[in-house]
Amino acid sequence: MKRLDVPVPSRAQKEQTQMTERNRTDKPEAPSNAIGKILSFIRERRYQPSERLPSERDFAEKFETSRGAVREALAALEVMRVIERRPNSGIYLRNSDESSIEALVLHAESGLPFQANEIADVFEVRRMLEVQAARLACTRRTPDNIRDLRAILTATEKRLAKKQTIELEDEAFHLAIFAATKNDILLRVVKSFYELSRQRRRVYFSDHNRGRRSYEDHCEILEAIEGRRVGQAEQKMNEHLSQTIETWQTLLGEPKIPVRR
């Protein structure tokens with residue numbers, strides 16, 4: 001009987017084979033994806049604060065992913081105060097008012113809907129921050145800040161002339177106003193609110209006319225800030241946000257949010 005020579009696999013080939021087998025059974029996944037799945041699961045099952053959640057192993061089996069990805073996801077949610085681990089007990093959901101702003105951002109990035117009261121709260125806080133930023137920018141802005149704002153408006157105008165979206169330029173303009181306040185904490189806080197509204201803003205600025213109207217509002221806001229006219233800057237910013245919020249509600253079919261004064 002003729003002997004068959006079977007090639008002996010090299011060390012690199014063996015390692016590659018082992019890695020492939022691990023990938024088939026472990027199915028590694030980015031922690032950010034696991035976070036979204038966990039948040040969706042909690043919302044769909046209507047878990048209440050202080051209610052016990054599935055274990056790390058249960059989550060991994062349910063989502064068909066690695067325990068490592070689930071472990072990292074749960075660790076991130078714990079840091080953001082969405083969940084808490086109780087020694088020798090398990091994983092529990094915390095009250096929503098205890099969670100961090102980053103948890104809201106993750107919620108939005110996961111495509112999960114917000115409750116009407118949550119939407120109202122987000123808009124209210126953003127309005128307060130934006131109007132206050134316009135006030136502070138009037139008194140603290142420097143010539144460099146004005147040049148930055150004008151450069152953003154120039155870029156906005158060019159994109160509008162080409163019938164292109166201005167969602168990035170719009171965000172840059174508002175953040176530049178916050179930069180003019182010289183308050184780094186305020187700037188860092190408001191960036192989270194722009195992360196929260198990123199998907200909505202993409203839809204909003206898909207319409208050229210809305211982009212043009214926003215650009216015209218920005219020109220008036222900049223004129224007031226440059227002239228250090230505090231009252232006018234606050235008024236123009238408030239009107240700008242009121243109009244934007246009303247359009248969003250109509251566009252996205254959300255409940256009408258009262259303007260709180």
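Cut-off values and rules
- Residues numbered from 1 in each chain as written.
- Predicted model: local features only at pLDDT ≥ 70, side-chain atom pairs only at ≥ 80, totals over all residues.
- Heavy atoms only, no water.
- Axes fitted to C-alpha atoms, helices over the stretch in contact; angles between N-to-C directions.
- Helix = DSSP H or I, 4+ residues; strand = E, 2+ residues; numbered from the N terminus.
- Parallel < 35°, antiparallel > 145°, perpendicular 65-115°, else oblique.
- Left-handed = near helix turned anticlockwise from the far one by under 90°.
- Contact = heavy atoms within 4.5 Å.
- Nonpolar A, V, L, I, M, F, W, Y, C, P; charged D, E, K, R; others polar.
- Pairing = 2+ DSSP bridges.
- Phe/Tyr/Trp six-rings, centres within 6.5 Å; stacked < 30°, edge-to-face > 60°.
- Buried < 20%, exposed > 50% of the residue type's maximum accessible area, 1.4 Å probe, protein only.
- Lys NZ or Arg CZ within 6 Å of the ring centre and 35° of its normal.
- Salt bridge = Lys/Arg side-chain N within 4 Å of Asp/Glu carboxyl O.
- pLDDT = per-residue confidence, 0-100.

A.B. asks: Give a description of the packing of helix α3 (residues 56-63) against helix α4 (residues 67-79) that names residues and reports values.
C.D. replies: Their axes nearest at 9 Å, the elements α3 and α4 cross at an angle of 120°. Our classification of the angle between α3 and α4 gives oblique. Crossing angle aside, the handedness with which α3 passes α4 is right-handed. From α3, Glu-56, Arg-57, Phe-59 and Ala-60 reach across to α4, where they touch Arg-67, Val-70, Arg-71 and Leu-74. By residue class, the composition of the contact of α3 with α4 is four nonpolar, no polar and four charged.

A.B. asks: If you had to explain the sheet that holds strand β1 (residues 52-53) to someone new, which residues and values would you point to?
C.D. replies: The antiparallel open sheet is built from three strands, whose spatial order is β1-β3-β2. Sheet topology places β1 and β2 (83-86) at the edges, where each strand pairs with a single neighbour. Judged from the two bridges that link them, β1 and strand β3 (residues 90-93) form a sheet pairing that is antiparallel. Paired with Leu-53 across the bridge in β3 is Ile-91. Against the sheet, α4 engages β2 and β3, with an angle of about 110° to β2.

A.B. asks: Quick one: what's the story with the packing of aromatic side chains, residue by residue and with numbers?
C.D. replies: For the structure shown, the criterion picks out five aromatic pairs. Seen in terms of ring centroids, Phe-41 and Phe-63 are 6.4 Å apart; in terms of plane orientation they differ by 85°. Their pairing is edge-to-face. Of this pair, Phe-41 sits in helix α2 (residues 31-44) while Phe-63 sits in helix α3; the two residues are 22 residues apart in sequence, bridging distant segments of the chain. Here Phe-41 and Phe-63 have matching classes, each one buried. Ring centres of Phe-59 and Phe-63 lie 5.7 Å apart, and the angle between their planes is 15°; this geometry places the pair in the stacked category. Taken as a pair, Phe-59 and Phe-63 lie in helix α3 at a separation of four residues, close to a single helical turn. Across the pair, Phe-63 and Phe-59 agree in class, each one buried. Through a chain of ring-to-ring contacts, three or more aromatic side chains come together here, namely Phe-41, Tyr-47, Phe-59 and Phe-63. Its guanidinium or amino end placed over the ring of Tyr-92, Arg-86 lies 3.9 Å from that ring's centre, counting from NZ or CZ. Stacked on the ring of Tyr-204, the Lys or Arg Arg-210 has its end atom at 5.3 Å from the ring centre.

A.B. asks: Pulling in residues and values, what's your account of the pattern of salt bridges?
C.D. replies: In total, this model carries 14 salt bridges according to the counting rule given. In this structure, Glu-130 and Arg-126 form a salt bridge, with 3.2 Å as the shortest nitrogen-oxygen distance. You can see Glu-130 and its partner Arg-126 sitting in helix α6 (residues 116-140), four residues apart, about one turn around the helix. One exposure class covers both Glu-130 and Arg-126, and it is buried. With a shortest N-O distance of 3.8 Å, Arg-229 and Glu-223 are connected by a salt bridge. One network of salt bridges, in which partners are shared, links Glu-56, Arg-67 and Arg-71.

A.B. asks: Account for the confidence of the model for the chain, naming residues and giving values.
C.D. replies: Chain-level statistics for the chain give a pLDDT mean of 81 and a share of 75% at 70 or above. Of all secondary-structure elements in the chain, the lowest mean pLDDT belongs to helix α1 (residues 11-26), at 46, while helix α7 (residues 143-161) reaches the highest, 97. Below pLDDT 50 for its whole length, residues 19-28 participates in nine contacts with residues either more than four positions away or in separate chains.

A.B. asks: Give me unusual backbone geometry: which residues, what numbers.
C.D. replies: We note that Arg-46 has phi near 55°; this positive angle belongs to a residue other than glycine. Topologically, Arg-46 is positioned in the loop between α2 and β1. Look at Arg-46 and you get exposed, because its relative accessible area is 66%. Notably, Lys-182 is not glycine yet its phi reads approximately 65°, a positive angle. Along the chain, Lys-182 turns up in the loop between α8 (167-180) and α9 (184-196). Owing to a relative accessible area of 43%, Lys-182 belongs among the partly exposed residues under this scheme.

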